[in-house]
Amino acid sequence: SPEQVNVTSYSDTTAAIIILEVFSGMWINVFIITVLCMGWFKKKLLNSNEKILMLLGCCRFWYMWVAWIYFLLLVIYPNYLYVDPIYQLVISLQKLLNYLDFLVSACLCVFYCVKIANFRSSFFIYLKVKMDRIVPWLLLGSVLFSLVTGILVYDITDKALCNNLSSTCQGCFWKAGIRREEHFLPIFVISGFVFVTSFTAVIVSAILLLFSLWRHKRNMQTNSMKDLSMDAHIRAMKSILSFFIMYSINFIFSIMSVIYSMKNENHVKSLLAVFLYAFPGVHSLTLIFSNPKLEKAILKILQCVKRKFCMR
């Protein structure tokens, strides 16, 4: 029964809006990947910041690609979503890539904090020195964790759907909802753990960087000196604060989506989905304008487009 598996809980209008969001978000992240790859081929290396941005752009691109295919099927060929195991694959892939997005985004904030903040703690100095070596392991750990959770989500979703279908076939309609919630409870726990852990990392990074900026500014005023690291502090702080605001809103909406996922309030779920699918594209756009290399590349493209229109 379609109501039991709750596949098509979005209206055609909501699905069309999300299709436009994810399509534009895909191209934004394609731009990030393309610019970084071109720089990689020229210099034959990627720094730690670019490695994080590359993985973040890739996981967001594939997340939006899966979402784009899903909502296209939802609008054009909704019956295909009932074919086993398409629904399970879509859900598990989306969860895998969404978890990876959260974890890699948190890694980016931690990287900015460790590289730019100034603390005299021996542990913090050790992290600053070893951060370039730690980043690949953090990214690998994020990928492996997301992969394992994606496999678990597929297994849980498959069992939940099978049990729900068997329970409805036996006439136990009132038990189906309870059994479904019992099976999906591990997914809620995993989602909550990923969201809370990554959000905590973002909060701690923002607080530490803000404290470092305040202390650095106070020392400069005392010594009547100017330091170039002040600009680095401010740029990183703007980037992390903008990310922190968006991340906070996204965190709230993500938790709400977990809460409302088992309820029949489709209007609320549609509103949450519209925002959650817009976040990766919007945040990637802010990353472009906070990174000198990406900002320079997009400004060149905009100037070329402007010249072509002016010539016409």
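On a predicted model such as this, the values are computed, not experimentally measured, just so you know.

**Quick notes on the UniProt feature "transmembrane region" (unreviewed entry) in the chain**
Cross-referencing UniProt, the feature "transmembrane region" (unreviewed entry) maps to residues 15-41, 53-76, 96-114, 134-154, 184-211, 240-260 and 272-290 in the present numbering. For residues 15-41, the end-to-end C-alpha separation is 38 Å, with 100% helix and 0% strand making up the annotated structure. For residues 240-260, the end-to-end C-alpha separation is 29 Å, with 100% helix and 0% strand making up the annotated structure.

**A short note on a nonpolar patch on the surface**
Together, W137, L140, L144, L147 and I151 make up a nonpolar patch on the protein surface, roughly 550 Å² of accessible area in all. Assignment of secondary structure puts W137 in helix 5 (residues 122-169).

**A closer look at the packing of aromatic side chains**
Applying the stated criterion to the full structure yields 12 aromatic pairs. Ring geometry for F145 versus F193: centroids 6.2 Å apart, planes at 50°, classification tilted. With F145 in helix 5 and F193 in helix 6 (residues 173-223), the pair connects residues that are 48 residues apart, well separated along the chain.

**Notes on helix 4 (residues 86-116)**
Each full turn of the α-helix corresponds to 3.6 residues, which orients residues three or four apart in the same direction. Taking 1.5 Å per residue as the helical rise, helix 4 with its 31 residues ought to reach 45 Å, and the 45 Å between its terminal C-alpha atoms agrees with that figure. Extensive coverage of helix 4 is indicated by the burial of 25 of its 31 residues.

**Focus: the pattern of salt bridges**
Using the criterion set out here, one finds three salt bridges in the structure. Of the charged contacts in the structure, one is a salt bridge between R60 and D101, with a shortest N-O distance of 3.0 Å. On the criterion of sequence distance, the pair formed by R60 in helix 3 (residues 48-76) and D101 in helix 4 is long-range, its members being 41 residues apart. Per residue, the accessibility class of R60 equals that of D101, and both read buried. Put simply, D132 and K115 hold a salt bridge, and the shortest N to O gap is 3.4 Å. Taken together, the residues span a long stretch of sequence, with D132 in helix 5 and K115 in helix 4 at a distance of 17 residues.

**Quick look at unusual backbone geometry**
One non-glycine residue, K44, adopts positive backbone phi at about 65°. Note on placement: K44 falls in the loop between helix 2 (12-43) and helix 3.

What counts and what doesn't
Residues numbered from 1 in each chain as written. Predicted model: local features only at pLDDT ≥ 70, side-chain atom pairs only at ≥ 80, totals over all residues. Heavy atoms only, no water. UniProt positions renumbered as here; feature names shortened; annotations may be inferred. Helix = DSSP H or I, 4+ residues; strand = E, 2+ residues; numbered from the N terminus. Patch = residues over 30% accessible without salt bridge, like charges linked within 9 Å, V, L, I, M, F, W, Y side chains within 5 Å. Areas by Shrake-Rupley, 256 points an atom, 1.4 Å probe, with all protein chains shown as cover. Salt bridge = Lys/Arg side-chain N within 4 Å of Asp/Glu carboxyl O. Phe/Tyr/Trp six-rings, centres within 6.5 Å; stacked < 30°, edge-to-face > 60°. Expected span 1.5 Å × (residues − 1). Buried < 20%, exposed > 50% of the residue type's maximum accessible area, 1.4 Å probe, protein only.

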